[in-house]
Amino acid sequence: MNKGLVIIPTYNEKENVALMIEAVFDLSMQFDLLIVDDGSPDGTAAIVKHMQGIWPDRLHILEREGKHGLGTAYIAGFQYGLDKGYEYMFEMDCDFSHDPRDLEKLFNACAKDGFDVAIGSRYVDGLVNVVNWPISRVMMSIFASLYVRFITGIPVSDTTAGFKCYRRHVLETIPFNKIKFVGYAFQIEMKFTAWKYGFKIKEIPIIFTDRSRGESKMTRGIFQEAVLGVLQMRIYSLFRKYLRVEA
């Protein structure tokens, strides 16, 4: 069994999914790959199932009917990975905004350097490593992270980042039924929850490149939802205990 499972949620990613699968499997370090497809009408799942004939032991797919949200897709993927015995599980987008070659950096931060969560960060040491985003989008993202840090106190520069590696024991500890957000705010809540449980988090500098194929799923409303939900999340945390049972 491969130790690392890369989880990629998809919806209408026919222009990217085959290229992404090939890119992950071309890496010198071996990762398995799970596509969680939310009923893409463009045939994304059919492409994945065809490519399973090439990598039957390493390429997996979960098909879900309808769009249920990014957070539930990742939780379904985490549960799959836990059930199959993977030690490291990764979140990554399908549109190449996350460079598959950076998977090894995230893996090494956890497997070799002893961190529990590794974040592919766009904003480390005052740098802004974003390509092809309009300045309004960059400023919205930076503001969101500053706001989250101010409200929660979490020592993470890129709180909305979606490129991450979790060690197995982090996902075994976090009760998925208590994760409230299902959209992009899910990314914030998972980091915050891992931090509240006392897990060690490391940000790894990456270069984020906006998609060149397909349509973005991000809207201003999604960012607003994340920002407005953070205060509620912080208040809820004041009445909750984060007790970790060591193996």
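Let me sum up the structure you'll find in this document. (Residues numbered from 1 in each chain as written. Predicted model: local features only at pLDDT ≥ 70, side-chain atom pairs only at ≥ 80, totals over all residues. Heavy atoms only, no water.)

**A closer look at the environment of Q52**
By the element assignment, Q52 lies in the loop between α2 (44–51) and β3 (59–63). Placed 69 residues apart in sequence, Q52 and S121 show a C-alpha to C-alpha distance of 31 Å. Residues contacting Q52, with those up to four places away along its chain left out, are L59, H60 and I61. (Helix = DSSP H or I, 4+ residues; strand = E, 2+ residues; numbered from the N terminus. Contact = heavy atoms within 4.5 Å.)

**Considering the sheet that holds strand β1 (residues 4–10)**
In spatial order, the strands read β3-β2-β1-β4-β7-β5-β8; together these seven strands make up an open sheet with mixed pairing. A strand with exactly one partner marks an edge of an open sheet, and here the two such strands are β3 and β8 (201–205). Between one strand axis and the next, the sheet turns by 20 degrees as a mean value, whatever way the strands run. Where strand β4 (residues 88–91) lies against strand β7 (residues 164–167), four bridges are found, and the strand directions are antiparallel. Within β7, the residue paired with E91 across the bridge is K164. Lying over the sheet, helix α1 (residues 17–25) contacts β1, β2 (32–37) and β3, oriented at roughly 160 degrees with respect to β2. (Pairing = 2+ DSSP bridges. Axes fitted to C-alpha atoms, helices over the stretch in contact; angles between N-to-C directions.)

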